[in-house]
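# Geometric and topological summary
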Amino acid sequence: MKKENIDVSAFTGIHGQEHIRILDTIDRMRDLGINEDLSIPQIVVVGDQSSGKSSTLQAITQLPLAVDSELCTRFATQIVLRRTAHSSVKVSIIPGSSSSTDDATKRHLQEFFRSFDLDEFDGDAFTEVVNEAAAHMGLPSAGTDKRDFLERRFSGDVLKIELSGPDQLHLSVVDVPGLFHNPTKFQTKSDLAIVRELISNYMKNPRSIILAVMDARVNISNQEVFRLARSVDKDGFRTVGVITKCDALQPGDEKEVLQVAQNSVERLKHGWFLVKNRSTQDILRGVSLKQRNLNEKTFFQNPPWNALPKQRMGIDALKDFLGQLLLSHIRKEYPQLVKEIESLAEKTEKDLEACGPPRQTPAEQRRYLTRVAMTYQKKVCDSLIGLYNGDLGSKHPLKLRLNIRTINEEFADDFKHNGHKRVFKAVDGGLDNDFSRYNTAAVKDEEDIYEWIREVYRDSRGVELPGTVNPAVLEHIFRQQSIPWQDLSERYLSRAKDAVKSYLDHIFPSIIGDEDISSKLVAFIQPKMTESTAKADEELKDVLHDERGGVLQTVNRYMSENIAAIREERVMARLKAATQLDKYNQPITFALVSRVVHLSNEDHTVYDIHDILKAYYKVAGKRFMDNVVMQVVERHILGDRGPLKLFTPDLVADLSDEDLEFIAGESYSTSATRAELKSKLERLRGALGVAAGIPR
Ligand code: GDP
Ligand code: MG
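So, how was this worked out
- Residues numbered from 1 in each chain as written.
- Chains lettered and ligands numbered in written order.
- Predicted model: local features only at pLDDT ≥ 70, side-chain atom pairs only at ≥ 80, totals over all residues.
- Heavy atoms only, no water.
- Helix = DSSP H or I, 4+ residues; strand = E, 2+ residues; numbered from the N terminus.
- Buried < 20%, exposed > 50% of the residue type's maximum accessible area, 1.4 Å probe, protein only.
- Contact = heavy atoms within 4.5 Å.
- Areas by Shrake-Rupley, 256 points an atom, 1.4 Å probe, with all protein chains shown as cover.
- Polar contact = N/O pair within 3.5 Å; in protein donor to acceptor, adjacent residues only side chain to side chain.
- Salt bridge = Lys/Arg side-chain N within 4 Å of Asp/Glu carboxyl O.
- Near = heavy atom within 4 Å.
- Phe/Tyr/Trp six-rings, centres within 6.5 Å; stacked < 30°, edge-to-face > 60°.
- Lys NZ or Arg CZ within 6 Å of the ring centre and 35° of its normal.
- Axes fitted to C-alpha atoms, helices over the stretch in contact; angles between N-to-C directions.
- Parallel < 35°, antiparallel > 145°, perpendicular 65-115°, else oblique.
- Nonpolar A, V, L, I, M, F, W, Y, C, P; charged D, E, K, R; others polar.
- pLDDT = per-residue confidence, 0-100.
- Left-handed = near helix turned anticlockwise from the far one by under 90°.
- Core = buried A, V, L, I, M, F, W, Y, C linked by side-chain atoms within 4.5 Å.

The protein chain goes by GED domain-containing protein in an unreviewed UniProt entry, where it is assigned to Elaphomyces granulatus.

The next point concerns the overall build of the protein chain. If you tally the helices and strands in the protein chain, you get 22 helices and nine strands. A burial count over the protein chain gives 48% of its 696 residues as buried. Within the protein chain, counting contacts between residues at least 6 apart in sequence, those at least 24 apart form 78% of the total. Surface summary for the protein chain: the accessible area is close to 35,100 Å², and the carbon and sulfur share equals 51%.

Let us now look at the side chain of His 636. With respect to the helices, strands and loops of the structure, His 636 is situated in helix H19 (residues 601–638). Residue class for His 636 comes out buried when judged on its relative accessible area of 5%. Within the structure, His 636 has its side chain in polar contact with the side chain of Glu 539 (distance 2.8 Å). Those residues in contact with His 636, other than ones at most four positions away along the chain, are Ser 532, Lys 535, Ala 536, Glu 539, Gln 631, Arg 641, Gly 642 and Pro 643.

This part takes up the pattern of salt bridges. A full pass over the atoms with the stated rule returns 36 salt bridges. We note a salt bridge from Arg 114 to Glu 132, for which the minimum N-O separation is 2.6 Å. With Arg 114 in strand S4 (residues 113–116) and Glu 132 in helix H4 (residues 123–136), this residue pair connects regions lying 18 residues apart in the sequence. Since its relative accessible area comes to 29%, Arg 114 is described here as partly exposed. Taking the shortest distance from any N to any O, the salt bridge between Asp 657 and Arg 366 comes out at 3.1 Å. You can see Asp 657 sitting in helix H21 (residues 657–664) and its partner Arg 366 sitting in helix H11 (residues 362–384), a full 291 residues away along the chain. Given the relative accessible area of 39%, Asp 657 is considered partly exposed. Using a relative accessible area of 23% as the deciding quantity, one classes Arg 366 as partly exposed.

The local shell around ligand 1 holds 19 residues, among which Ser 50, Lys 53, Ser 55, Asn 277 and Arg 278 are the closest. The contact in question runs from an oxygen atom of ligand 1 to an N or O atom on the backbone of Ser 51, over 3.2 Å. At 2.6 Å, a side-chain N or O of Ser 55 approaches an oxygen atom of ligand 1. Burial of ligand 1 by the protein chains amounts to 94% of its free accessible area of 570 Å². Of all elements in the fold, only helix H2 (53–61) and helix H8 (280–285) reach the threshold of two or more residues within the shell around ligand 1.

Quick look at the packing of aromatic side chains now. Within the structure shown, the criterion is met by 23 aromatic pairs. Between Phe 411 and Tyr 492, the aromatic rings sit 4.3 Å apart at their centres with planes inclined by 10 degrees, giving stacked as the arrangement. Of this pair, Phe 411 sits in helix H12 (residues 400–418) while Tyr 492 sits in helix H15 (residues 484–511), and the two are 81 residues apart along the sequence. Per residue, the accessibility class of Phe 411 equals that of Tyr 492, and both read buried. Put simply, the rings of Phe 411, Phe 415, Phe 424, Phe 435, Phe 478, Trp 485, Tyr 492, Tyr 616, Tyr 617 and Phe 624 pair up and form one aromatic cluster. Just above the ring of Phe 237 sits the side chain of Lys 269; from NZ or CZ to the centre is 4.6 Å. Positioned above the aromatic ring of Tyr 607, the side-chain terminus of Arg 570 is 4.5 Å from the ring centre.

A cis amide bond links Pro 303 with the next residue in sequence, Pro 304, at an omega value of 0 degrees. Inspection of the secondary structure assignment puts Pro 304 in the loop between helix H9 (289–301) and helix H10 (315–355). Of note, the phi angle at Ser 50 is positive, near 60 degrees, even though the residue is not glycine. The backbone of Asn 263 shows a phi angle near 65 degrees, a positive value even though the residue is not glycine. Locating Asn 263 in the fold gives a position in the loop between helix H7 (254–261) and strand S9 (272–274). Take Asn 263: its relative accessible area is 16%, and that puts it in the buried class.

The buried fraction of H2 amounts to nine of the nine residues, a majority that puts the element mostly inside the structure. Positive phi appears at Gln 62, one or two residues downstream of H2, with a value of about 60 degrees.

This paragraph deals with the environment of Ala 653. In this structure, Ala 653 sits in helix H20 (residues 649–654). C-alpha of Ala 653 to C-alpha of Thr 370: the two residues are 283 residues apart in sequence and 7.5 Å apart in space.

Relative orientation of the contacting elements helix H16 (residues 515–548) and H21 amounts to 135 degrees, with a least axis distance of 8 Å. Between H16 and H21, the crossing angle belongs to the class labelled oblique. Listed contacts from H21 to Ile 517, Lys 520, Leu 521 and Phe 524 of H16 are Asp 659, Phe 662 and Ile 663. Across the contact of H16 with H21, the residue classes tally to five nonpolar, no polar and two charged.

It is worth spelling out the confidence of the model for the protein chain at this point. Detailed reading of the predicted coordinates is not advisable wherever pLDDT falls low. Confidence in the prediction of the protein chain, expressed as mean pLDDT, is 82, and 88% of residues score 70 or more. Here residues 1–14 is a poorly scored stretch, pLDDT under 50, and it has 39 contacts once near neighbours within four places are set aside; other chains count. Long-range and interchain partners of residues 145–150, a stretch whose pLDDT sits below 50, account for 10 contacts in this model, where long-range means more than four residues apart.

For the rest of this paragraph, the subject is the packing of H11 against H21. In contact at an axis separation of 9 Å, H11 and H21 are set at 65 degrees when each is read in the N-to-C sense. In terms of orientation, H11 and H21 fall into the roughly perpendicular class. Pair H11 / H21 crosses with left-handed handedness. When H11 is examined against H21, the residues Pro 362, Gln 365, Arg 366, Tyr 368 and Leu 369 are found in contact with a partner set consisting of Asp 657, Leu 660, Glu 661, Ile 663 and Ala 664. Its residues assigned to classes, the contact of H11 with H21 comprises six nonpolar, one polar and three charged.

Looking now at the nonpolar core. Looking at soluble globular proteins, one finds that nonpolar side chains tend to be buried together. Ranked by internal contacts, the top residues of the largest apolar core, which has 76 residues, are Leu 369, Tyr 376, Leu 504, Phe 508, Leu 638, Leu 644 and Phe 647. For this core, the element with the highest residue contribution is H19, accounting for 16 residues. Setting aside its immediate chain neighbours within four residues, Phe 508 contacts Tyr 376, Ser 518, Leu 521, Val 522, Ile 525 and Phe 647. Judged by nonpolar contacts, the second largest core, of 64 residues, contains Val 89, Ala 125, Val 130 and Leu 327.

Shown next, in the form of structure tokens:
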């Protein structure tokens, strides 16, 4: 192949200050590597194999692209033209996103890099570098006789050629493998599927302008590329038709092509362009690209082609048009592109935050955990006084104070209905409503408290005088009556512990982005938590013992007032009954009153025990409930001695280096992820900085 230097004034179609500014912006974004994260407007050349895609692209870019190598293009080639102060050519491989590409392969592909001086990058150099790249991708290169034995024929990886120089204009064009229809020895059915997938991925991208290339000799109705284009670009704003090989038509066949070119067969919004590239012979004869352009001009000046409008024929017309189209396309896409960059930057920032700061040395780890501990303490304090994040659901575990209050109230309610073993009576002999059970149906099975007291009293009679009560009896009766306290309070405590546990399960992940760290941290403080909740159990035992194990006592005046009130009520009730029962209408005498007030000794004693027990039970029950709430749960579960207050900056300060490493040390993958996110964020921020210069 003859040496062919690149004409750096290529692509004169794009000009004008505004063009340059916006294209320059897109280009600088690409420089920053934004195209790794988002798709950037570019031109994609598609069509059948050997339809003349590479030849057309070559004419547009003036690059010595591989034309008619016996091995047709087997991977996409992205050509990026860029304007920079110094000229250079850089060739690299962008690994395809296919899932089969593992990290090692990716790294291997990314290692590929060649650079050239602009004037040494000729056709030969190009062919050589393409072959090297193909070999690097594990594809057969041209001239490999064993190519039909090789497994991979097409690759989703992209060969990227960046051509920069002071005179370059901004453009990104992708040359993709051609469509083919009949599997052969060299391209199997599965290749066909791979290629179709690859092409349609490029075409689907709403940021791609589709340059659909068609051989003039092929019947347009057979052109799959247009069917594909229509399916991805319904309005046709992104598709431009190009007809090649007009010079190769059989005489007489031109009429049909002319009709297509006039957009009367396959209607495209942007219409059709005709080009004439170098034929195989031309290339063999060494026709230069310059000469090609001249030949093309002369060719279209002759009939029947000269009947078509000039701006639809020849590579310059196509370039002009593409330049305009690309520009308006970029303008249209630009606001959305910037939005995408913004939201991606935001997301990246969050991801980065979630990684936390670097934690390689003990000092870094300690600093990190101290900060986490401070945040944690602040959150716990807020949760305990009922300051919650606004977006939490009604019973969210993070609403700690609310959940504890609910549990407290349920405890109180439970205690009111079920704290007593037997239901106390009202003076009229019915059950006292203050002690009613939840379940009224069960009431009929209730043991009569008077009967029970009578029995206990009889069984325990000792040396006391008739009509008086052995104090041990009251103690015994009270202990029996308050048996349910233990279960109720233990259940309450375990519910409070559960609320705290589920709070902790939620709070750590909410302040530590790294799941690994939060679970390690929890694992580390778990034993200490268990220790501290064990203190709550102890305390509850003590409180229970105070009430149910020792002597009965209270200084609460409510107790004596209550007893006096009940006794009075009793006398009144009996008086009333006696006067009503008196059939002979006797006057009320002292004798009668005295008979009513003083019952037989045993009845009197049973009622008295009941009334004292009830008065004391009320006082002791209230005291007990409050004590459990305050001294057990508040002090040992929620308070400073509880599991919530364990994780403090002080605790972090006391951690050994080994513990630090265990909890907060970072794996290689975390630091790699952080580095990657960091550079991505820098890219995106850089792009936003660039974008700031251009109004949307
Ligand atoms: P691709 O497979 O679509 O990239 O096609 P190429 O650009 O490699 O071209 C395939 C063959 O067609 C090459 O031998 C080119 O020289 C030839 N070719 C391309 N365009 C034209 C054209 O307009 N006229 C003639 N006569 N031959 C052409
Ligand atoms: Mg090609």
